[in-house]
Amino acid sequence: EPKSDYILTGGGKKESFIRMWNIHNGKRVEDIYVASQITNLFWSEDGRQLLACHGFRENHQAEPKMNLWNYENDSFSYAGGFWKGNFRIVGSALSHDKEHVAALGDDTFTVWKVFGNNCSMSSKSSRRSSLLTTDDMHIH
């Protein structure tokens, strides 16, 4: 479980890193290179997974726009990605139940169950590719 003396940051079109900082001494603890703008970061309720939502990619490829990371033994490991497409996530929010994430892309909107039991994204091979208009909310 992440220690309460750490905070994560990420963002900027050219930053391309998720960074973990010690809030007491200001020192950087870990960097995760993601080759993408970070638009939001969400911890699972148990603190064992991190979801990163992405905007523009460095190479403009249709890579996953949401990536899940496992956090164990003070280290991150990649668990998988989903929601591919040539768009960016411009906003996202974690639901009150701390299991669902709503993401708004360019003219798309969808809700994913990313944490907890029976999540939409559970392994590296899971991928979603359907895009929806903002008029058609779809639950995964």
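Residues numbered from 1 in each chain as written. Predicted model: local features only at pLDDT ≥ 70, side-chain atom pairs only at ≥ 80, totals over all residues. Heavy atoms only, no water.

Draft legend 1. The arrangement of the pairing of strand β3 (residues 28-33) in detail. The pairing of strand β2 (residues 17-22) with β3 spans five bridges and is antiparallel. The residue of β3 that forms the bridge with M20 is E30. Where β2 folds back on β3, the antiparallel hairpin that results is connected by five residues, among which G26 adopts a positive phi of roughly 75 degrees. (Pairing = 2+ DSSP bridges. Helix = DSSP H or I, 4+ residues; strand = E, 2+ residues; numbered from the N terminus.)

Draft legend 2. Broad picture of the sheet that holds strand β10 (residues 108-113). Taken in spatial order, the three strands line up as β8-β9-β10 in an open sheet, and their pairing is antiparallel. What marks the edges here is a single partner per strand, and that holds for β8 (89-94) and β10. Adjacent strand axes in the sheet meet at a mean angle of 20 degrees, parallel and antiparallel pairs treated alike. Sheet topology places β8 next to strand β9 (residues 100-105); five bridges connect them, and they run antiparallel. Bridging across to β9, A93 finds its partner in A102. (Axes fitted to C-alpha atoms, helices over the stretch in contact; angles between N-to-C directions.)

Draft legend 3. Quick look at the pattern of salt bridges. For the structure shown, the criterion picks out three salt bridges. Salt-bridge contacts for D31 lead to R19; the nearest nitrogen and oxygen are separated by 3.0 Å. Of this pair, D31 sits in strand β3 while R19 sits in strand β2; the two residues are 12 residues apart in sequence, bridging distant segments of the chain. The partly exposed category is assigned to D31, whose relative accessible area is 33%. Here R28 and D31 are joined by a salt bridge, their closest N and O atoms 3.1 Å apart. Among the residues examined, R28 registers a relative accessible area of 46% and is labelled partly exposed. (Salt bridge = Lys/Arg side-chain N within 4 Å of Asp/Glu carboxyl O. Buried < 20%, exposed > 50% of the residue type's maximum accessible area, 1.4 Å probe, protein only.)

Draft legend 4. Structural view of the side chain of Q37. Structurally, Q37 is set in strand β4 (residues 36-43). Taking relative accessible area as the criterion, Q37 reaches 18% and is therefore assigned buried. The contacts of Q37, once residues within four sequence positions are left out, are G12, K13, C53, H54, G55 and F56. (Contact = heavy atoms within 4.5 Å.)

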